[in-house]
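Structural characterization, general
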Amino acid sequence: MNGYKIVICGGGSTYTAGIVKDLIDQKDELGIRELWLYDIDKERQDTVAVVVKAVIDDLAPEIPLHVTVDPKEAFTDANFVMAQMRVGGLKMRIQDEQISLRHGVVGQETCGAGGMAYGMRTIFPMCELVDFCEEYACKDYWIVNYSNPAAIVAKAMHKLRPNARILDICDMPVEIEARMAEILGCELSDIEVDYFGLNHFGWFTNVRCKGVDVTDKLKEHVRKFGYISEASLNDALVKDPDWAHTFKNAATISTLFQDYLPNTYYQYYLLPDACVEYMDINNTRGMQVVNGREKRIFDASAALKRGEKVDLTQFYVGVHGRFIVDVVKSLAHDLRHRQLVIVPNNGAIENLSDDATVEIPAYITDRGAEPVRVGKIPRFYKGLIEQQDACEGLVVEAVIEGSYQKALEAFTLNRTIPSARVAKEVLDDMIEANKGYWPELK
Ligand code: G6P
Ligand code: MN
């Protein structure tokens, strides 16, 4: 039989329908034999699957869809696994955000105390996924991983499962590139970037549009308006006030630090006080997602079950799906597309240690990512990155060793946390909240 068996792990995600749409858009170039959804939460996945089935019936009814909570069934002979697990669900995301904010520090999914807590929940479940693939999947399987916090997850996998065929990615840089294309009035596919850093912690050093250097032009715009432009006002993501605020915040950072263009996530590390002031403990980002994106998919599922018609295009937004499908396609067919991915440094950034977990451009081949050489980076950026990479390394070690001390060191090193005293207080509350998810810390 021709084509690949593709599995979406975390089938119950609010993003699944969008990813499936992008798989269908590229089904002929990719080659799809069957599509599987896998999740540990049956009820949630069955709900989302109703919408996914409607998308397939609408656009590509010939693709067989299977929905399962049985790992053996899901991963047997799998070629590509798109991973997007959220350990603890949105319920724990909201906990992470609220506990942090109660201590006056950034309450965020992947950054700061919340990100570290989420990382400590996700490391072992990711190992389990790798082990399922090693046991059941095709020998040359690939896991393309969106599961957050990607920086910590990637670092842990490089250490615990060094031979796993896993490639860690994040859509934020591409989403920013989409804003850049809007600013410039070109297509996203016209844009090529140079970039270095960690995941959710990087800088664009050069941007080209159809081969022409547009970096200075973009810097001028971003210093004034952030990543927002006239054209972006119609974008579904920018219409979300929280994202609009995030994209605007890049103006402050790129005015203070004019060498490069920042990843939006730097707002949490460089402007943590302003972020805490902006955040609302009674309407955290996780709560907004529950009342927005999640509610829309659940409502659509219910309506479809009642036999009503639903506008499925509401789920076809952003570059999230397109990006992961492109990475899979490039792995499958050795297309050598240039993408930003998360890999062990191994000398790419010359003055960072080999085991730093960096996000840099790479050519995506059928043997994995072939990273581009970055060279030396200036002291300020190096200092920032080394501190954060050490923090993330300590999170990983805390989990592996079950070490309270290392967790405390990680929380203390994180830029969003002002003192060791606050670090200890947040950590102790996180331990309580994460019982059953974290290993015991001694
Ligand atoms: C971007 C990041 C993801 C993150 C998401 C959160 O796409 O790259 O890592 O999970 O934003 O978006 P949300 O709408 O859930 O706050
Ligand atoms: Mn991301």
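Residues numbered from 1 in each chain as written. Chains lettered and ligands numbered in written order. Predicted model: local features only at pLDDT ≥ 70, side-chain atom pairs only at ≥ 80, totals over all residues.

Quick notes on the site of ligand 1
Around ligand 1 sit Glu109, Thr110, Asn148, Cys170, Asp171, Met172, Glu175, Arg285 and Val289, and that is every residue in its neighbourhood. Of all the secondary structure elements, the ones that give two or more residues to the shell around ligand 1 are helix H8 (172-184) and helix H14 (285-305). Residue composition of the shell around ligand 1, by class: 3 nonpolar, 2 polar and 4 charged. (Near = placed C-beta within 6 Å. Helix = DSSP H or I, 4+ residues; strand = E, 2+ residues; numbered from the N terminus. Nonpolar A, V, L, I, M, F, W, Y, C, P; charged D, E, K, R; others polar.)

Topic: the UniProt feature "active site" (unreviewed entry) in the protein chain
UniProt's entry tags Asp171 and Tyr265 with the feature "active site" (unreviewed entry), counted in the numbering of this structure. The named residues occupy 95 residues along the chain; their greatest pairwise C-alpha distance, 12.0 Å, places them in one compact cluster. Mapped onto the fold, Asp171 is located in the loop between strand S6 (166-168) and H8. Under the C-beta neighbour-count criterion, Asp171 is labelled partly exposed, with 19 such atoms within 10 Å. Excluding its chain neighbours within four sequence positions, the residues that come into contact with Asp171 are Val319, His320 and Phe323. (UniProt positions renumbered as here; feature names shortened; annotations may be inferred. Buried ≥ 20, exposed ≤ 12 C-beta atoms within 10 Å, placed from the backbone. Contact = placed C-beta atoms within 7 Å.)

What to know about the domain arrangement of the protein chain
Under the domain assignment, the protein chain is made up of domain 1 (4-169) and domain 2 (174-188 + 201-278). The straight-line distance from the C-alpha centre of domain 1 to that of domain 2 is 27 Å. Opposite the 7 residues of domain 1 that make contact, domain 2 presents 6 residues. Split into classes, the residues belonging to the side of domain 1 that touches domain 2 amount to 4 nonpolar, 3 polar and no charged. (Domains from an automatic or database assignment.)

Observations regarding the pairing of strand S13 (residues 368-371)
The pairing of strand S12 (residues 357-365) with S13 spans 4 bridges and is classified as antiparallel. What sits directly across from Tyr363, in S13, is Glu370. The hairpin formed by S12 and S13 contains 2 residues between the paired strands. (Pairing = 2+ DSSP bridges.)

Here's the deal with the confidence of the model for the protein chain
Model confidence for the protein chain is summarised by a mean pLDDT of 98, while 100% of its residues fall at 70 or above. Our summary of model confidence lists the complex with pTM equal to 0.98 and ipTM equal to 0.99. (pLDDT = per-residue confidence, 0-100.)

Side note on the UniProt feature "binding site: Mn(2+)" (unreviewed entry) in the protein chain
Following the UniProt record, one finds the feature "binding site: Mn(2+)" (unreviewed entry) at Cys170 and His200. The greatest C-alpha distance among the annotated residues, which extend across 31 residues, is 8.2 Å, indicating that they converge on a single site. Structurally, Cys170 can be placed in the loop between S6 and H8. Judged by the 26 C-beta atoms lying within 10 Å of it, Cys170 is buried. The residues contacting Cys170, other than those within four sequence positions of it, are Ala150, Asn199, His200, Ile342 and Glu359. Its location among the elements puts His200 in the loop between strand S7 (191-198) and strand S8 (201-209). For His200, the residues in contact, after removing those within four places along its chain, are Thr110, Cys111, Ala151, Cys170, Met172, Asn263 and Tyr265.

As for H14
An ideal rise of 1.5 Å per residue puts 30 Å on 21 residues; H14 measures up with 29 Å between its terminal C-alpha atoms. Of all the bends in H14, the greatest measures close to 45° and is centred on Lys295. Those residues of H14 that are buried are in contact with helix H1 (16-25), helix H3 (42-59), helix H5 (89-102) and helix H11 (241-256). Positive phi shows up at Gly307, right after H14, with a value of about 85°. (Expected span 1.5 Å × (residues − 1). Bend = angle between axes of the 7 residues up to and from the residue.)

Focus: the environment of Phe201
Its location among the elements puts Phe201 in strand S8. Excluding anything up to four places from it in sequence, Phe201 contacts Asn263, Tyr265, Tyr266, Tyr269, Ile385 and Gln388.

Quick word on unusual backbone geometry
The peptide bond linking Asn148 to Pro149 adopts the cis configuration, its omega dihedral lying at -10°. Mapping Pro149 onto the fold places it in the loop between strand S5 (142-145) and helix H7 (150-160). One non-glycine residue, Asp77, lies in positive phi territory at about 60°. Counting through the fold element by element, Asp77 comes out in the loop between helix H4 (71-75) and strand S4 (80-83). The class for Asp77 is exposed, based on 12 C-beta atoms found within 10 Å. Its identity is not glycine, yet Asn346 carries a phi of approximately 45°, on the positive side.

Thoughts on the packing of H3 against H14
Following both chains from N to C, one finds H3 and H14 inclined at 70°, their axes separated by 8 Å at the closest point. Relative to H14, H3 is oriented roughly perpendicular. Note that H3 runs across H14; the crossing there is left-handed. Here H3 contributes Thr47, Val48, Val50, Val51 and Ala54 to the contact with H14, which in turn contributes Ile297, Phe298, Ala300, Ser301, Leu304 and Lys305. In terms of residue class, the contact of H3 with H14 is built from 8 nonpolar, 2 polar and 1 charged. (Axes fitted to C-alpha atoms, helices over the stretch in contact; angles between N-to-C directions. Parallel < 35°, antiparallel > 145°, perpendicular 65-115°, else oblique. Left-handed = near helix turned anticlockwise from the far one by under 90°.)

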